[in-house]
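# Observations on the three-dimensional arrangement
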Amino acid sequence: MHASPLSRRAVLAGTAAAAALTAVPFTPGHARAAEHPDGARPYRWRNVVIGGTGFITGVLFHPRVRGLAYARTDIGGAYRWDDRAARWVPLLDHLGWDDWNLLGVEAMAVDPAHPDRLYLACGTYAQDWAGNGAILRSEDRGATWQRTDLTVKLGANEDGRGAGERLLVDPRDSDTLWLGTRHDGLWKSTDRGATWAPATGFPATPSATGQGVTLLVAARRTVYAGWGDAGGTAPNLFRTPDGTTWQPVPGQPSGTAAKVPIRAAYDRHTRELYVTYADAPGPNGQSTGSVHKLRTTSDRWAEVTPVEPGGTPPDGSADSFGYGGVAVDARRPGTVVVSTNNRWAAVDTLYRTTDGGRTWTSLKDSAVLDVSETPYLKWGEERPKFGWWIQAVALDPFDSQHLVYGTGATLYGTRDLRHWAPRIRGLEEASVTQLISPPRGRAHLLSGSRDIGVMYHERLTASPARGMATNPVSGSATGLAQAARRPAYVVRAGWGDHGNGAYSHDGGITWAPFASQPGIAKDAPGPIATNADGSVLLWSFVHWDGTRYAAHRSADNGTTWSEVPSFPKGATPVADPVDPMLLYAYDTDAGTLLASTDGGRAFTARATGLPAGDAQFKLVAAPGRSGDLWLSTKWNGLHRSTDGGATFTKVDSCWASHTLGFGKAADGAGYPAIYQVGSTEAITAVYRSDDEARSWTRINDDHHQWGWTGETITGDPRVYGRVYLATNGRGIQYGEPR
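None of these values were measured; they are calculated from a predicted model. (Residues numbered from 1 in each chain as written. Predicted model: local features only at pLDDT ≥ 70, side-chain atom pairs only at ≥ 80, totals over all residues. Heavy atoms only, no water.)

## Points about the overall build of the chain
Of regular secondary structure, the chain possesses one helix and 57 strands. By the burial criterion, 63% of the 738 residues in the chain qualify as buried. Considering only contacts within the chain whose residues lie at least 6 apart along the sequence, 53% involve residues at least 24 apart. For the chain, the computed accessible surface area is about 26,000 Å², with 48% contributed by carbon and sulfur atoms. (Helix = DSSP H or I, 4+ residues; strand = E, 2+ residues; numbered from the N terminus. Buried < 20%, exposed > 50% of the residue type's maximum accessible area, 1.4 Å probe, protein only. Contact = heavy atoms within 4.5 Å. Areas by Shrake-Rupley, 256 points an atom, 1.4 Å probe, with all protein chains shown as cover.)

## Some words on the sheet that holds strand β34 (residues 453–457)
Within a sheet, each strand pairs with its neighbour through backbone hydrogen bonds, oriented either parallel or antiparallel. Read across the sheet, three strands follow the order β32-β33-β34 without closing on themselves; strand pairing throughout is antiparallel. Of all the strands in the sheet, the pair left with one neighbour each is β32 (432–436) and β34. Averaged over all pairs of adjacent strands, the angle between their axes in this sheet comes to 20 degrees, without regard to strand direction. Of the strand pairs in this sheet, strand β33 (residues 445–449) and β34 are connected by five bridges, and their pairing is antiparallel. Residue pairing in the sheet places leucine 446 in a bridge with tyrosine 456 of β34. (Pairing = 2+ DSSP bridges. Axes fitted to C-alpha atoms, helices over the stretch in contact; angles between N-to-C directions.)

## A few points about the side chain of aspartate 396
In this structure, aspartate 396 sits in the loop between β28 (393–395) and β29 (403–406). Lacking a salt bridge, the buried aspartate 396 has arginine 415 as its closest oppositely charged neighbour, with an N-O distance of 4.4 Å. Of the polar contacts made by the side chain of aspartate 396, one reaches the backbone nitrogen of phenylalanine 398; its length is 2.9 Å. (Lys, Arg positive; Asp, Glu negative; His and termini not counted. Salt bridge = Lys/Arg side-chain N within 4 Å of Asp/Glu carboxyl O. Polar contact = N/O pair within 3.5 Å; in protein donor to acceptor, adjacent residues only side chain to side chain.)

## Observations concerning the sheet that holds strand β16 (residues 222–227)
Pairing is antiparallel in the open sheet, where four strands are placed in the order β15-β16-β17-β18. With one partner strand each, in any of the chains shown, β15 (213–219) and β18 (247–248) form the two edges of the open sheet. Note that β15 and β16 share six bridges and pair antiparallel. By the bridge assignment, alanine 218 is partnered in β16 with valine 223.

## Quick look at the packing of aromatic side chains
Under the criterion given, the structure shown has 30 aromatic pairs. Here the aromatic rings of tyrosine 405 and tryptophan 420 are separated by 5.3 Å at their centres, their planes lie at 70 degrees, and the arrangement is edge-to-face. You can see tyrosine 405 sitting in strand β29 and its partner tryptophan 420 sitting in strand β31 (residues 419–422), a full 15 residues away along the chain. Residue tyrosine 405 is classed as buried on the basis of its relative accessible area, which comes to 0%. Here phenylalanine 514 and tryptophan 539 contribute two aromatic rings whose centre-to-centre distance is 5.8 Å and whose plane-to-plane angle is 65 degrees, an arrangement assigned as edge-to-face. Of this pair, phenylalanine 514 sits in the loop between β38 (512–513) and β39 (525–530) while tryptophan 539 sits in strand β40 (residues 537–542); the two residues are 25 residues apart in sequence, bridging distant segments of the chain. Here phenylalanine 514 and tryptophan 539 have matching classes, each one buried. In textbook terms, an aromatic cluster arises when at least three aromatic residues are bridged by ring pairs, as seen for Trp178, Phe202, Trp227, Phe238 and Trp246. Residue placement shows arginine 343 over the ring face of phenylalanine 321; its charged tip is 4.3 Å from the ring centre. (Phe/Tyr/Trp six-rings, centres within 6.5 Å; stacked < 30°, edge-to-face > 60°. Lys NZ or Arg CZ within 6 Å of the ring centre and 35° of its normal.)

## Here we look at the environment of valine 291
Inspection of the secondary structure assignment puts valine 291 in strand β21 (residues 289–295). With 28 residues separating them along the chain, valine 291 and arginine 263 place their C-alpha atoms 9.9 Å apart. With sequence-adjacent residues up to four places away left out, valine 291 is seen in contact with Val275, Thr276, Ala302, Glu303, Val304, Thr305, Pro306, Tyr323 and Val338.

## Considerations on the nonpolar core
With 35 residues, the main nonpolar core has Leu350 and Leu403 as its most contacted residues. Put simply, the parts of the chain that give this core at least two residues each are β28, β29, β32, β56 (723–726) and β57 (732–737). Counting 18 residues, the second largest nonpolar core, distinct from the first, contains Leu91, Leu95, Leu103 and Trp145. (Core = buried A, V, L, I, M, F, W, Y, C linked by side-chain atoms within 4.5 Å.)

## Re the environment of leucine 177
Among the secondary structure elements, leucine 177 is positioned in strand β12 (residues 177–180). Taking C-alpha positions, leucine 177 is 51 Å from aspartate 652, a pair spaced 475 residues apart along the chain. Setting aside residues no more than four positions away along its own chain, leucine 177 makes contact with Tyr119, Leu167, Leu168, Val169, Trp187, Lys188, Ser189, Arg192, Gly193 and Trp196.

## Side note on the pattern of salt bridges
Pairing is possible between side chains that carry opposite charge, provided their charged atoms lie close to one another. Evaluation of the coordinates by the stated rule reveals 30 salt bridges. Of the charged contacts, one joins arginine 46 and glutamate 736 as a salt bridge, the two residues approaching to 2.9 Å between their closest N and O atoms. With arginine 46 in strand β2 (residues 43–47) and glutamate 736 in strand β57, the pair connects residues that are 690 residues apart, well separated along the chain. The exposure class of arginine 46 is partly exposed, given its relative accessible area of 26%. Its salt-bridge partner being glutamate 165, residue arginine 263 comes within 3.4 Å of it at the nearest N-O pair. Residue arginine 263 is found in strand β19 (residues 260–267), and its partner glutamate 165 is found in the loop between β10 (146–149) and β11 (167–169); the two are separated by 98 residues along the sequence.

## Brief notes about unusual backbone geometry
Omega for the bond connecting glycine 282 with proline 283 falls within 30 degrees of zero, at 5 degrees, which places this linkage in the cis form. By the element assignment, proline 283 lies in the loop between β20 (272–278) and β21. Each neighbour pair has its own omega, and for asparagine 471 with proline 472 the value is 5 degrees, a cis peptide bond. Here proline 472 lies in the loop between β34 and β35 (477–483). Residues other than glycine seldom take positive phi values, yet valine 347 does so here, at roughly 75 degrees. Its place among the elements puts valine 347 in the loop between β24 (336–341) and β25 (350–353). Phi is positive for asparagine 471, which is not a glycine, with a value near 60 degrees. For asparagine 471, the location among the structural elements is in the loop between β34 and β35.

## A look at the side chain of aspartate 329
The residue aspartate 329 is located in the loop between β23 (322–328) and β24 in this model. For aspartate 329, which is buried and forms no salt bridge, the nearest opposite charge comes from arginine 332, at a distance of 4.4 Å. A polar contact of 2.7 Å, which involves the side chain of aspartate 329, links it to the side chain of serine 400. In this structure, aspartate 329 is in contact with His269, Thr335, Leu395 and Ser400, ignoring residues within four places of it in sequence.

## Considerations on the pairing of β16
On a regular strand, each side chain points to the face opposite its neighbour's, so the side chains alternate between the two faces of the sheet. When you tally the buried positions in β16, you get six out of six residues, the bulk of the element. Because side chains alternate across β16, one face comprises the buried residues Thr222, Tyr224 and Gly226, and the other comprises Val223, Ala225 and Trp227, equally buried. As consecutive antiparallel partners, β15 and β16 are separated by two residues, and within that stretch arginine 220 has a phi angle of approximately 60 degrees, a positive value. Pairing analysis gives four bridges linking β16 to strand β17 (residues 237–240), with the strands arranged antiparallel. Residue pairing in the sheet places valine 223 in a bridge with threonine 240 of β17.

## Here we look at the environment of threonine 205
Structurally, threonine 205 is set in the loop between β14 (197–198) and β15. Expressed as a C-alpha distance, the spacing of threonine 205 and alanine 590, which sit 385 residues apart in the sequence, is 48 Å.

## Topic: the pairing of strand β13 (residues 186–189)
Where β12 lies against β13, four bridges are found, and the strand directions are antiparallel. Within β13, the residue paired with leucine 179 across the bridge is tryptophan 187. Pairing analysis gives two bridges linking β13 to β14, with the strands arranged antiparallel. Bridge assignment links lysine 188 to a residue of β14, and that residue is alanine 197.

By themselves, these are just geometric observations and shouldn't be taken as functional.
Take a look at the structure:
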């Protein structure tokens, strides 16, 4: 799919920087430790199953161990394939709040001679506001890690993230590793990744804005490095036979179609190196590309491009694309698979050759796709697409029929080169923005995410049977709300080409678009609310670049809309759960709570002088109570009002609160259980309070942290202790007492 203007690929740079701010502690003595000294039951954490939902940027089979494979993602960590359980095992859930930037995996490497060794190059952004990257080293296939912090930045969620691999164990010496960086050239370690230094003798000059080293690959005892900044005229492929002396590979292709080397794979039987090229690093922005092979024994090059980009499909559009992934068959000489990338007109495909590139077959043309396990992959259509953003392709070295490829949303696999299905169990990468746990109905959860819209989770252990919400289909969800006194009525908002708002009368099972929408909705859909009985809608508008616009109100289910000038532009509307005439908004610029007593027609200021200056401050209303408001203001603490926002009192048990929600009360308790993501002196974690915020118990542990978790959280109003947590790249986590 095309990334929408508000996809996580676009907005993370703006939100993640704020997420890394220094935590301010809970008041000492009020937060209980994760070991539960009070006898509270420890929690079991699992993913709410959706299946994939994000960009799979790399897949590696170990060359010498059957069934051992690894996958990397742009913002959601890395995984190991458990062949016996037929599912992926997450390897980086232990990374906490302060290490959010390391959940993006730029590259990975295995050691052919030592199967238990795994190396990851981690770092999501190479921008000034992001932290430096790190190398994670494991001697037990990712069960435990050692870490080396780098002095350079990596960019796992930036352009070129599907290229690679940029990390390599030297074929001559398992203690030597190579790391290709974007802006700091080639680096080398001689102690298995414990320490790093710039490699000497590498001829290419890095820049602050370039792609740098795009790939590293071994061909017998020679190491090859691709360079992304040559411009199509200078050499972009270099090699070293001895680990010291680097030279451009002679006779290499040039020109726009060979401007950026994307991936490379070596056929040890024919001693040929296959390289895919494009005119840009991808995954977007590519319009041409090519495939070439180098006979390493003679330095003879041959172009073996399956189809030259630039044709005209039946619809008359330009068939522009680049080439991405490449994999060789370890068992069959001359058998190679390559992928197209950014081919939106004719749709991306895999090409396979069995004769060294003389002839090719498009595997898409005979493919039978079965997405019954993850129905959302149909994107509201009759049939799923074969894929998009295909830059990760891998062939099982022990089975020539076992081929997998990553897309912008899943990992497809086949055992016969014809029948394909997602191979995604255990791998959850959604970037989640909204969560609702309804008080009744079949589903215990409704969710809204970037890229995949809204979903109705009739089961937590299976991908939603209806897929993503349709009529209309939205890419990234920007708003989701339920009428507290009429829970069958739900509204949503998001980015889309066929309407940006919709309503449901059956709790989110089926949807219909609003009869009309404000003109600004298409370019700046923002958060939406419905009042307690569902008779009023209030829709706020925020452009993806942060520009805020006036909110609009509808009292006829979206048939007509009127501007609300007194509502703070871009604020998130919050409905009182009891009184249909009451709605609230928090002006994060001014630090002012505003309220409406006439069903959202006009808003007036109540409490003033509250924390200001951060659009991520969050206001929530306690269920079943009128005027009971809670305000999370990060390091400025947690504040509460019991008079509809006229006054607020700072909660003295908590100094840092990022997001807060409610669930079913504990037995004998007179107030709902409160869940929040908050901070102590040492750690930002997930907490529960059963006594109206007088004390807190940490309910996650050091093995379950998931990076940045400051977006939203909610308890289950029907199941005490169950909590749903939005993550930024590890899907929806839900926890329950064991």
